[in-house]
Amino acid sequence: MTALRADVWRALDTVLDPELDEPVTDLDFVESCTVSGDGVAAVVLRLPTFFCAPNFSFLMVADAYDAVSAVPGVTRAEVTLADHHASAEINGGVAAQAGFVGSFEGSSQGEATAELDELRRAFFRKAALAGQDRVARPLVDAGAGPDELAGTVLGDLPPSAELDRMRHRRSVLGLPHDDDAPLLVHADGSGVTSGQVPLHLRRARLQRVGIEANGAYCSSLLQKRYPVAGS
Amino acid sequence: MYEKNGEKYFVVDSHSHFWNAGRENWVPGAEHYAKGWIDCFYGYHQLGPPETHWDYEKFLRPTPEDFERDVFVEGHVDHTVFQSTYLREWYKDGFNTAAQNAALLEKYGDRWIVNGRWDARDGEASWKEFTEDHKRYGFKGVKLYTAEWNGDSRGFKLTDPECYRFLERTQELGIRNIHVHKGPTIWPLDKDAFDVSDVDHAATDFQGLNFIVEHVGLPRIEDFCFMAVQEPNVYAGLSVVVGGLMHARPKMFAKVMGELLFWVGEDKMLFGGDYNIWTPKWQVEGLVDWQMPDDEAFTDYAKLTTATRKKILGLNAARLYDIPVPAELQLAAPEGAMA
């Protein structure tokens, strides 16, 4: 039993907040996670505010449902979102596998006209740019100049979790991610020239600050909304 | 006016509210939205220093006496700009209407600046209300809450044709300042709720208007900065940035300020205290004392000068709102000549 719950938790580790690019487990968005004797996994997610954007919220609930359902030994997944203005639509829609558009059909919350694949890609593009700052920053701090940075390929870099993460984001987007791919690339996958390096790094850092600032607000607000008992 | 170490700061709070979120004002059937909304604000409120926290019940509805004390008596604020936000779908008499905001207008006169609002989705009725209010209050600015629910609509974009027409008419009236707030939901739901590209288009097409993007486009600071660097009439409204990060997340505050100073620049950043989510006192005093940290992680970011602080705290907003600044509170030449 405990082992199966651990497997479910590991599955939840793969579910990202698309905007913050962090796992829902690290973000403390998992309110509860239980597995019954007959393999029914019940997961309740929670978010920093009542009005967190419904599209991002839907993605997290749907992704959690898919990840948990795929765990061997889980006979059924019940994933719900608590305390949210669109809880009813999202929970019902995910349980019925209705997709985003179907979930909001006839809803008083508003109308969805498309599934969320493009939105997800837009946030992966942001994450891939922020990742370039995370991976390149130690080189910059060590004194690497524009020529060196423009000539650096992924195979030159020491292994790191940040590098793996950036490679994964790029592979999903169809951007170069093999060992011979440049570290610094534009949104279309082309390499950044040495003359373009300073501005490109500025943009990458701004993107990273943007994502991390959002994370800071979300984390602060979550702590106020769901204070740890006794603190 | 705030004085510290012999320096005097002229303070304009460019983003203030005087709301009524009391239970008696919640629309029957929509109570959970009304409560969810103000609870969300109360969450932000608690990101300020603990000694500034209010009791929840008091937070629902401040009194004119609260405002007077917190903003003018203790808050160092010389002039304050009220942003009207109606939210009538959830609040019977509106959340924060121009009429409510005008509560102390008679007493404080030109220190008390009320911005109007219109909603192009309501057509001529909204324009009529707006122009009547304009006669009464003499608007210099408009607050547009693009995520406001209205009937079946869950929001609008500045580039919607009817909205463009209203922007034209606003410009014709000589009202120059458009405060834009992006919010939690917008129709259709599948789009990025906080996309600021419509502000980009409008700023290009309406050169006679200033677009103050409140909360610096949070949570899309990067998109906002990439836009603001290209558009001379786009400004950064710092409400929520100061209140939500300076105390709760000081290192992140430093990074966000560093990026804003680099991309947007100190001439286009406006202090906003966001009363009564937060009181202005600790924000004004904190900003005057604040400096970019010396740690290695911040070496790329510019240090603040006294002139930077003076511009952000009040001189930039005074320029947009034609507020006369006493000579002793202006920047010394040559910077003063530019202001």
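Below you will find a few notes about this structure. Because the structure is predicted, anything quoted here is derived from the model rather than measured. (Residues numbered from 1 in each chain as written. Chains lettered and ligands numbered in written order. Predicted model: local features only at pLDDT ≥ 70, side-chain atom pairs only at ≥ 80, totals over all residues. Heavy atoms only, no water.)

Contact with chain A, which involves 41 residues of that partner, is made by 44 residues of chain B. It is F51(A), L206(A) and Y217(A) in chain A that bury the most area against chain B; as a group they hold 21% of the surface buried on that side. Seen at the junction of chain A and chain B, the total is six salt bridges. For E222(B), the salt bridge is made with K126(A), and the minimal N-O distance between the two is 2.8 Å. Where chain A touches chain B, the interface holds 11 residue pairs in polar contact (both at pLDDT 80 or more). Secondary-structure elements contributing two or more residues to the side of chain A that touches chain B are α2 (54-69), α5 (117-141) and α8 (197-225) of chain A. At 18 residues, the largest contribution of residues to the side of chain A that touches chain B is made by α8(A). Across the side of chain A that touches chain B, the residue classes break down as 19 nonpolar, 13 polar and nine charged. (Contact = heavy atoms within 4.5 Å. Buried area = accessible area lost by both parts, 1.4 Å probe. Salt bridge = Lys/Arg side-chain N within 4 Å of Asp/Glu carboxyl O. Polar contact = N/O pair within 3.5 Å; in protein donor to acceptor, adjacent residues only side chain to side chain. Helix = DSSP H or I, 4+ residues; strand = E, 2+ residues; numbered from the N terminus. Nonpolar A, V, L, I, M, F, W, Y, C, P; charged D, E, K, R; others polar.)

Residue and element names in this part refer to chain B. Across its 15 residues, helix α13 (residues 306-320) extends 20 Å between first and last C-alpha, which sits within 8% of the 21 Å expected from 1.5 Å per residue. Its maximal kink placed at I312, α13 deviates by approximately 55 degrees. α13 sits mainly inside the fold: 13 of its 15 residues count as buried. Of the residues trailing α13, D322 is marked for its positive phi of about 55 degrees. (Expected span 1.5 Å × (residues − 1). Bend = angle between axes of the 7 residues up to and from the residue. Buried < 20%, exposed > 50% of the residue type's maximum accessible area, 1.4 Å probe, protein only.)

A few words on the pairing of strand β7 (residues 177-181) of chain B. Residues and elements named next belong to chain B. Counting buried residues in β7 gives five out of five residues, a clear majority hidden from the surface. Going residue by residue along β7, you find N177, H179 and H181 tucked away on one face and I178 and V180 tucked away on the opposite face as well. Relative to β7, strand β6 (residues 141-145) runs parallel, the two sharing five bridges. Residue pairing across strands places L144 opposite V180, the latter belonging to β7. With helix α7 (residues 161-172) bridging β6 and the parallel β7, this β-α-β connection has right-handed handedness. Where β7 lies against strand β8 (residues 210-214), four bridges are found, and the strand directions are parallel. Residue pairing for β8: I178 is matched across the bridge by F211. (Pairing = 2+ DSSP bridges. Right-handed = clockwise from strand over helix to strand, strands pointing away.)

It is worth spelling out the pairing of strand β4 (residues 79-82) of chain B at this point. Residue and element names in this part refer to chain B. With burial as the criterion, each face of β4 is covered, one bearing H79 and V81 and the other bearing T80 and F82. In terms of strand pairing, strand β3 (residues 12-16) meets β4 through three bridges, oriented parallel. For V12, the partnering residue across the bridge sits in β4 and is H79. Of the strand pairs in this sheet, β4 and strand β5 (residues 112-114) are connected by three bridges, and their pairing is parallel. Of the residues in β5, the one forming a bridge with T80 is W112.

Turning our eyes to something else, we now look at the pattern of salt bridges. Residues and elements named next belong to chain B. Per the counting criterion, the structure on display carries 41 salt bridges over all chains. As a salt-bridge pair, K35 and D39 come within 2.5 Å of each other at their nearest N and O atoms. Taken together, the residues span about one helical turn, with K35 and D39 both in helix α1 (residues 31-45) at a distance of four residues. The class for K35 is partly exposed, based on a relative accessible area of 36%.

Looking now at the environment of K143(B). Residue and element names in this part refer to chain B. Relative to the helices and strands, K143 resides in strand β6. In this structure K143 comes out as buried when scored by relative accessible area, which is 3%. Here the alpha-carbon distance between K143 and E124, two residues 19 residues apart in the chain, equals 18 Å. Excluding residues that lie within four positions of it along the chain, K143 makes contacts with H15, H17, Q83, S84, T85, N115, G116, R117, H179 and H181.

Residue and element names in this part refer to chain B. Contact geometry of helix α9 (residues 221-228) with helix α11 (residues 250-263) gives a least axis separation of 9 Å together with a crossing angle of 20 degrees. In terms of their interaxial angle, α9 and α11 are classed as roughly parallel. Judged by the sense of rotation from one axis to the other, the crossing of α9 with α11 is right-handed. Where α9 approaches α11, its residues I221, F224, C225 and F226 are matched on the opposing element by V256, L260 and W263. Among the residues making up the contact of α9 with α11, the classes are represented as seven nonpolar, no polar and no charged. (Axes fitted to C-alpha atoms, helices over the stretch in contact; angles between N-to-C directions. Parallel < 35°, antiparallel > 145°, perpendicular 65-115°, else oblique. Left-handed = near helix turned anticlockwise from the far one by under 90°.)

Residues and elements named next belong to chain A. Read across the open sheet, the three strands follow the order β3-β4-β5; overall the sheet is mixed. Two strands in the sheet have a free side with no partner beyond their single neighbour: β3 (30-35) and β5 (76-81). On average, each strand axis in the sheet is tilted by 10 degrees relative to the strand beside it, whichever way the strands run. Bridging between β3 and strand β4 (residues 40-45) involves five bridges; their strand directions are antiparallel.

What follows is about the sheet that holds β4(B). Residues and elements named next belong to chain B. Reading across the sheet, the three strands line up as β3-β4-β5 and stay open at both edges, with parallel pairing between neighbours. Each having just a single partner strand, β3 and β5 make up the two edges of the open sheet. Between one strand axis and the next, the sheet turns through 20 degrees on average, direction left out of account. Taken strand by strand, helix α3 (residues 64-73) contacts β3, β4 and β5, and its axis lies near 130 degrees from that of β4.

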